[in-house]
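# A closer look at the structure
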Amino acid sequence: MTDASALPGQPRGGVLSGPATARAVNVLAPNASAMTLDGTNTWILSEPGSDLAVVVDPGPLDDGHLRRVVATAEQAGKRIALTLLTHGHPDHAEGAARFAELTGTRVRALDPALRLGEEGLAAGDVITTGGLELRVVPTPGHTSDSLCFHLPADRAVLTGDTVLGRGTTVVAHPDGRLGDYLDSLRRLRSLTVDDGVHTVLPGHGPVLDDAQGAVEYYLAHRATRLAQVETAVEDGYRTPPMVVAHVYADVDRSLWPAAELSVRAQMDYLKEHGLI
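Presented here is an overview of the structure given in this document. (Residues numbered from 1 in each chain as written. Predicted model: local features only at pLDDT ≥ 70, side-chain atom pairs only at ≥ 80, totals over all residues. Heavy atoms only, no water.)

### Concerning the packing of helix H1 (residues 63-75) against helix H3 (residues 96-103)
Our working definition: Between the N-to-C directions of two axes lies an angle of 0 to 180 degrees, each axis being a line fitted to C-alpha atoms and, for a helix, fitted only over the stretch in contact. Only DSSP runs of H or I covering at least 4 residues are called helices, and only runs of E covering at least 2 are called strands; the numbering of each starts at the N terminus. For this classification, under 35 degrees means roughly parallel, over 145 means roughly antiparallel, 65 to 115 means roughly perpendicular, and everything else is oblique. Rotating anticlockwise by less than a right angle from the far helix to the near helix defines a left-handed crossing, while the corresponding clockwise rotation defines a right-handed one. By the convention used here, residues are in contact when the closest approach between their heavy atoms is within 4.5 Å. Each residue receives one of three labels: charged for Asp, Glu, Lys and Arg, nonpolar for Ala, Val, Leu, Ile, Met, Phe, Trp, Tyr, Cys and Pro, and polar for the others, Gly being one of them.
Two elements in contact, H1 and H3, have axes whose closest approach is 10 Å; the angle formed by their N-to-C orientations is 45°. What the angle tells us is that H1 and H3 run oblique. Relative to H3, H1 is oriented so that their crossing is right-handed. Only Arg 98, Phe 99, Leu 102 and Thr 103 of H3 make contact with H1, whose side of the interface consists of Asp 63, Leu 66, Arg 67, Val 69 and Val 70. When its residues are assigned to classes, the contact of H1 with H3 shows five nonpolar, one polar and three charged.

### A short note on the nonpolar core
Heads up, the condition is: In these notes, a set of buried Ala, Val, Leu, Ile, Met, Phe, Trp, Tyr and Cys residues joined through side-chain atoms within 4.5 Å is what counts as a nonpolar core. For every residue, the accessible area (1.4 Å probe, protein chains only) is compared with the maximum for its type, and the residue is labelled buried under 20%, exposed over 50%, or partly exposed between those bounds.
Val 163 and Val 243 are the most contacted members of the largest nonpolar core, which has 36 residues in total. When residues of this core are traced back to their parent elements, those giving at least two are helix H4 (178-194), helix H5 (211-234), helix H6 (240-247) and helix H7 (256-272). In terms of residues, this core owes the most to one element, H5, which gives nine residues. If we ignore the near neighbours within four places in the chain, the residues touching Val 163 are Leu 185, Leu 188, Val 200, Pro 202, Leu 208, Ala 214 and Tyr 218.

### Some details on the sheet that holds strand E9 (residues 147-151)
What counts here: Two strands qualify as a pair provided that DSSP identifies no fewer than 2 bridges between them.
Read from one edge to the other, the open sheet built from five strands follows the order E7-E8-E9-E10-E11, with strand pairing classed as mixed. Each of the sheet's edge strands pairs with one partner strand only, and the pair in question is strand E7 (126-129) and strand E11 (199-202). For this sheet, the mean angle separating the axes of adjacent strands, direction not counted, is 25°. As paired strands, E7 and strand E8 (residues 132-138) are joined by four bridges and run antiparallel to one another. Along E8, the bridge assignment pairs Ile 127 with Leu 134. Docked against the sheet, H4 engages E8, E9 and strand E10 (156-160), running at close to 145° with respect to E8.

### Overview of H6
For clarity, the cut-off: The reported arc concerns the directions from the helix axis to the C-beta atoms and nothing else.
Looking at H6, one finds that the buried residues are Pro 240, Val 243, Val 244 and Val 247. Buried residues of H6 fall within an arc of 100° about the axis and therefore sit on the same side. Lining the buried residues of H6 we find H5 and H7.

### Observations regarding the pattern of salt bridges
To keep it simple, the criterion reads: Salt bridges, as used here, are contacts in which a Lys or Arg side-chain nitrogen is within 4 Å of a carboxyl oxygen on Asp or Glu.
Taken as a whole and judged by the stated rule, the model has 15 salt bridges. For Asp 154, the salt bridge goes to Arg 23, with nearest N and O atoms at 2.6 Å. With Asp 154 in the loop between E9 and E10 and Arg 23 in the loop between strand E1 (18-19) and strand E2 (24-28), the pair connects residues that are 131 residues apart, well separated along the chain. Given a relative accessible area of 9%, Asp 154 falls into the buried group. The closest approach of N and O atoms between Asp 125 and Arg 108, which form a salt bridge, is 3.8 Å. Residue Asp 125 is found in the loop between strand E6 (107-108) and E7, and its partner Arg 108 is found in strand E6; the two are separated by 17 residues along the sequence. You can call Asp 125 partly exposed: its relative accessible area is 24%. Put simply, Asp 63, Arg 67, Arg 98 and Glu 101 are held in one network by salt bridges that share partners.

Okay, structure coming up:
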């Protein structure tokens, strides 16, 4: 068995649901799959001693899960006052409207189509609820509307699908763009270097206790894959399916459709930079 401390980002072992930091509790959605790993992490955030909470990514439209999130907050003496979305993929956002009905909250997101209420989210926004402070960090790339939330008091960042707790994420072409994603990873690296962030609270998978190590791994992985795709095209693998079959030959074939999205994004990036 591999020691978790030797893995990228130092993932925590054990049960995923439950407290992760002084201000963050995870309620794991029952939607495990090859793409969602153990399921979607729905985060309940609150300042110690406060009776108000913020929920990030209610998850899929699963009434049992949504009610468990409410019950978890209530058992801790908290009332959910606000709902936030990292991005609009259904495994994170499909249950948001129903969750808003259950809690009477607004839903804030970058994409206006996902909002319930007048307020959206934008770079530099600081959200304060019950003494809790969250800072909005724009991280497009996985999708155009992807955001992260910096939780300074816990030296943590909620990353949605931008950084996962296990494996790597998809650049969801054509909405996701590789250049944007690389810029977003560099932005997260700056948080780890300049703002002391050391914990990743991801949208899927375990908590990571070495945020800088995780981001550095992601940047190195992307550089390696990009070089592999460039070489594959030079060697005559001209279409995305051909590149996937060559470059991702050691990857479970059930993941090839997702890999093809990333390959399309990488090929676009290489064309934009005159490399293929």
